[in-house]
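Residue strings, one per chain:
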Amino acid sequence: MRGRPRDPAVGAAALRETLALLDEHGYDGLRVADVARNAGIGVNSLYRRWPTKYALVVEALRAAAAQREVEPTDDPVEDLVTGLMKTAAGLGRRAAPLLAVLLSDPASELASAVREAKVEPFLVANRERLRRVLGPVPGLEARADAGPALVLLHMMIHGSSPDEATMREQILPVMIGTEPPATR
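In this text the structure is predicted, and so the values were computed from the model without any measurement.

Asks: Before we move on, could you go through the packing of helix α5 (residues 76-91) against helix α7 (residues 109-134) and cite the residues and values that matter?
Replies: The contact between α5 and α7 brings their axes to 8 Å, and the two run at 155°. Judged by the inter-axis angle, α5 sits roughly antiparallel to α7. Crossing hand, α5 versus α7: left-handed. Within the contact between the two elements, α5 uses Pro76, Val77, Asp79, Leu80, Gly83, Leu84 and Thr87 and α7 uses Phe122, Asn126, Arg129, Leu130, Arg132 and Val133.

This is the structure we're talking about:
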């Protein structure tokens, strides 16, 4: 690569501005020139890092999702619960409008970006956490996907995220296929 090394702070500023403008104006109203101006970056510099608005939005959504990643511990059941709790908490914030886009306009570019940046990485991580609990059992993918689906259903019915007791006593047993595991 020629020229100066990229400043990570500049990239972080662009991703923050992308999320802020996405929240404020939506995907269709998001202008790369506005991101560049607000982040103090030249438009050409921004396009060298992210060649399209779609790529910029996907990266910004991924960066925000990375804050909710679960570092594996020696207790895979706790890791599974932690991942579900973080997901439930996240759905009450920025994810709610993005979820609405997935439901109301699933063929849109923003819905594609959300699936690529947030949904798929979460599902892969959730499946891996469940695999650590159960091993390679038949139906692992469906069981892993049932957890987040039940979190969403709980939110739609009750208007709030499930608490930890609900997660352990109702959702986790569906995923694991047993009685709830003993708490610590």
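Asks: Which residues make up the pattern of salt bridges, and what are the values?
Replies: Per the counting criterion, the structure on display carries nine salt bridges. Of the charged contacts in the structure, one is a salt bridge between glutamate 128 and arginine 131, with a shortest N-O distance of 2.4 Å. Residue glutamate 128 and its partner arginine 131 are both found in helix α7; the two are separated by three residues, about one turn of the helix. Given the relative accessible area of 35%, glutamate 128 is considered partly exposed. The exposure class assigned to arginine 131 is partly exposed, which follows from its relative accessible area of 34%. By sharing partners, the salt bridges in this structure join Arg31, Asp34 and Arg37 into a single network.

Asks: Please set out α5 residue by residue, giving values where relevant.
Replies: In this model, α5 (16 residues) spans 23 Å end to end at C-alpha, consistent with the 22 Å of a helix rising 1.5 Å per residue. By the criterion of burial, α5 is predominantly enclosed, with 12 of the 16 residues buried. Taken residue by residue, α5 has Pro76, Val77, Glu78, Asp79, Leu80, Val81, Gly83, Leu84, Thr87, Ala88, Gly90 and Leu91 as its buried positions.

Asks: Provide a residue-level description of the packing of aromatic side chains, including the pertinent values.
Replies: This model, assessed by the stated rule, comprises zero aromatic pairs. It is lysine 53 that lies over the ring of tyrosine 27; its NZ or CZ is 4.3 Å from the centre.

Cut-off values and rules
Residues numbered from 1 in each chain as written. Predicted model: local features only at pLDDT ≥ 70, side-chain atom pairs only at ≥ 80, totals over all residues. Heavy atoms only, no water. Axes fitted to C-alpha atoms, helices over the stretch in contact; angles between N-to-C directions. Helix = DSSP H or I, 4+ residues; strand = E, 2+ residues; numbered from the N terminus. Parallel < 35°, antiparallel > 145°, perpendicular 65-115°, else oblique. Left-handed = near helix turned anticlockwise from the far one by under 90°. Contact = heavy atoms within 4.5 Å. Salt bridge = Lys/Arg side-chain N within 4 Å of Asp/Glu carboxyl O. Buried < 20%, exposed > 50% of the residue type's maximum accessible area, 1.4 Å probe, protein only. Expected span 1.5 Å × (residues − 1). Phe/Tyr/Trp six-rings, centres within 6.5 Å; stacked < 30°, edge-to-face > 60°. Lys NZ or Arg CZ within 6 Å of the ring centre and 35° of its normal.

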